[in-house]
Amino acid sequence: MLKKDFKIFDKDYVYLDSAASAQKPQVVLDRLVHFYQNDYANVHRGSCHLALQATEQYENARHIVADFIHADFNEIVFTKGATEAINLVAASYAKTLKKGDEVLVCVAEHHANFVPWQQACVQSGATFKTFDVMDNGTWDLNDFKKQLSKHTKLVAVAQISNVLGVQNPVEKVVQLAHEVGAKVMVDAAQSVTHLPINVKDLNCDYLAFSGHKIYGPNGIGVLYGKGEVLTELKPYQFGGDMVDKVTIEKTTFADVPARFEAGTPPIANAIGLAEALQYVSQIGWDKIQKNEQKVFAALVSGLKQIDEIEFLGDPDLKTGLVAFNVKGIHADDLNLILAKENVCVRVGHHCAMPIHERFGVKSSLRVSLGLYNDQEDIKVFIQALHKAIGFFK
Ligand code: PLP
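Residues numbered from 1 in each chain as written. Predicted model: local features only at pLDDT ≥ 70, side-chain atom pairs only at ≥ 80, totals over all residues. Heavy atoms only, no water.

With that settled, consider the overall build of the protein. The helix and strand tally for the protein stands at 13 helices and 15 strands. Relative to its length of 393 residues, the protein is compact, with a C-alpha radius of gyration of 22 Å against a globular reference of 21 Å. Expressed as lengths along the three principal axes of its C-alpha atoms, the size of the protein is roughly 70 × 55 × 35 Å. Burial analysis of the protein (393 residues in total) assigns 57% to the buried set. Taking all contacts inside the protein whose residues are at least 6 apart in sequence as the whole, residues at least 24 apart take part in 70%. For the protein, the accessible surface area stands at approximately 16700 Å², while carbon and sulfur atoms represent 51% of it. Averaging the positions of the 40 positive and the 46 negative side-chain charges in the protein gives two centres separated by 3 Å. (Helix = DSSP H or I, 4+ residues; strand = E, 2+ residues; numbered from the N terminus. Rg over C-alpha atoms; globule rule 2.2 N^0.38 Å. Buried < 20%, exposed > 50% of the residue type's maximum accessible area, 1.4 Å probe, protein only. Contact = heavy atoms within 4.5 Å. Areas by Shrake-Rupley, 256 points an atom, 1.4 Å probe, with all protein chains shown as cover. Lys, Arg positive; Asp, Glu negative; His and termini not counted. Charge placed at Lys NZ, Arg CZ, Asp CG, Glu CD.)

Okay, here's the thing in C-alpha cells:
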C-alpha cells in the first residue's frame with residue numbers, strides 16, 4: 001500500500017524480513033540529509049546558533065518518542081538500539097543483585113533480552129530462571145506463576161517474540177511481578193511496529209526498542225524507564241555530558257536521562273527516528289493494522305495449504321510474523337531458491353536459540369511484515385516457496 005514512500009521498492013524486491021530490520025521511507029532519509037546539510041552540530045555543548053538548533057531538535061526528538069509510547073520526556077534514554085537499552089539496565093542489576101535473588105525471563109526471549117540477564121546473574125551470584133510457552137506459542141502463565149517468587153527481582157519479557165509472533169499479556173505479568181516486588185523489563189523491539197504502545201497502561205518499569213525496526217535509522221534505540229525507577233539505576237557508561245560536577249576527588253552525575261547518555265549521542269539518528277515515528281503516526285495504526293491483518297491472513301492461508309509445513313506455534317495466534325519449517329528440507333536450502341526469486345526472508349535461529357530448542361528444531365524460516373507489504377508480495381512468496389519445495393522434493 002505504501003511502497004511508493006520507499007525508494008528501495010522501485011526495484012523488484014519482495015521484502016518479508018522487516019522483523020530483522022525495516023526499510024526506510026524517503027521522509028526519514030530526507031530528514032537525515034536536511035539535518036546534516038543545514039543544522040548539524042554537537043548537542044548540549046556549544047552555544048552557537050547551530051549547536052543550539054541541533055540540541056533543540058535532538059531534545060524535540062525525545063519529546064516525540066515519549067509521546068509515541070505515552071511516556072514523560074525525562075523517562076526516555078537514547079541508546080544505540082534495544083540491545084544496548086537492555087544491557088544498560090542489566091549492567092545496573094549486575095551490581096545490585098545478590099545471591100538468593102532471582103531473575104525470570106521467558107524461554108522465547110531474543111538473546112538481547114536473555115543473555116544480558118543471564119550474565120547479570122553470573123556476575124552477581126543471583127539465580128537465572130526461565131518460564132515456558134505452550135505448544136501454541138502463548139505464554140504458559142501457570143509456569144510463570146510457579147517460577148515467580150518473593151526472591152524475583154526482575155522479570156524480562158517480549159511483548160511480541162521475534163519467533164512466535166504472539167501478542168503476550170504483558171499487563172498480567174507486570175501485575176503478578178509487582179505483587180512480589182519485582183520490576184519488569186518489556187522488550188518491545190517487535191511489538192513497536194505492530195501495535196500502539198502505552199507504557200502507562202502496561203505499567204512496566206522498563207521498555208526497550210530499536211529505531212531501525214520501526215522505519216528509522218540504524219544506530220538508535222530507546223530505553224524507557226518509569227520515573228523514580230530510572231533514577232535508581234546506576235550509570236552505564238561514564239564520560240562527557242552525563243556528569244554534574246567532576247573534581248579530582250569525585251564525580252557527581254547529571255539527572256536522568258542525561259546520566260545515561262555519556263559521550264556524543266546519535267544525534268541525527270534520534271532526529272531520524274522521530275521522523276519515522278511521525279510517519280507511522282500520520283498513516284495511523286488503524287490503517288497499518290488493517291492492511292497487516294489482511295496481508296498476514298493471506299500469508300497464513302497460503303502456508304496452511306502446504307502439507308509439509310510445521311509451524312512454531314499456532315499461526316492463527318500470530319501478529320505480523322510467522323516462523324516454520326518444511327518437513328524434510330533444510331530452511332537454508334529453501335532460502336537459496338527464495339533468494340533467487342528476489343524474495344527476502346530470514347533463516348536461522350533468529351538470535352533465539354532457546355525457543356528453537358524448546359520446539360525441538362535448530363532453525364526456522366521466518367516471514368515478517370512491514371507496513372509496505374501487500375497481497376502481491378504474498379502471492380510471489382507463496383509461488384516461490386512452492387517452487388523451492390518442488391525443487392528439493
Ligand atoms: N528483541 C527482539 C524481540 C528482537 O527481535 C531484536 C532484534 O531482532 C532485539 C531485541 C535486538 O534488537 P537490536 O539488534 O536492534 O538491538
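Residues I69, V155, L207 and L371 are the most contacted members of the largest nonpolar core, which totals 77 residues. With 11 residues, the top contributor of residues to this core is helix α9 (residues 267-283). Here this core spans two domains, since at least three of its residues come from each of domain 1 (3-16 + 284-392) and domain 2 (27-281). Not counting the four nearest positions on each side in its chain, I69 is found in contact with I76, I197, N198, V199, L207, F209 and Y224. Counting residues in each nonpolar core, the second largest holds 30 residues, with F296, I306, I329 and A388 among its members. (Core = buried A, V, L, I, M, F, W, Y, C linked by side-chain atoms within 4.5 Å. Domains from an automatic or database assignment.)

In this section: the domain arrangement of the protein. Accessible area lost during the coming together of the parts is what is often quoted as the interface size. Partitioning the protein into domains gives domain 1 (3-16 + 284-392) and domain 2 (27-281). Opposite the 31 residues of domain 1 that make contact, domain 2 presents 32 residues. In total, domain 1 and domain 2 occlude about 2600 Å² of area from one another, counting both sides; carbon and sulfur atoms represent 59% of this. Among the residues of domain 1 in contact with domain 2, W285, T319 and R358 are the three that bury the most area, contributing 24% of the side total. At the boundary of domain 1 with domain 2, the tally comes to two salt bridges. Linking D132 and R358 is a salt bridge whose minimum nitrogen-to-oxygen distance equals 2.8 Å. The interface formed by domain 1 and domain 2 holds 18 residue pairs in polar contact (both at pLDDT 80 or more) in total. Those elements that provide at least two residues to the side of domain 1 that touches domain 2 are α10 (285-304), β12 (321-326) and α12 (353-358). (Buried area = accessible area lost by both parts, 1.4 Å probe. Salt bridge = Lys/Arg side-chain N within 4 Å of Asp/Glu carboxyl O. Polar contact = N/O pair within 3.5 Å; in protein donor to acceptor, adjacent residues only side chain to side chain.)

To continue, consider the sheet that holds strand β3 (residues 102-106). The strand order β2-β8-β7-β6-β5-β3-β4 describes an open sheet built from seven strands, whose pairing is mixed. Either end of the sheet is taken by a strand with one partner, and the two such strands are β2 (76-79) and β4 (127-131). Mean inter-strand twist for the sheet, computed between neighbouring axes without regard to direction, equals 20 degrees. In terms of strand pairing, β2 meets strand β8 (residues 221-225) through four bridges, oriented antiparallel. (Pairing = 2+ DSSP bridges. Axes fitted to C-alpha atoms, helices over the stretch in contact; angles between N-to-C directions.)

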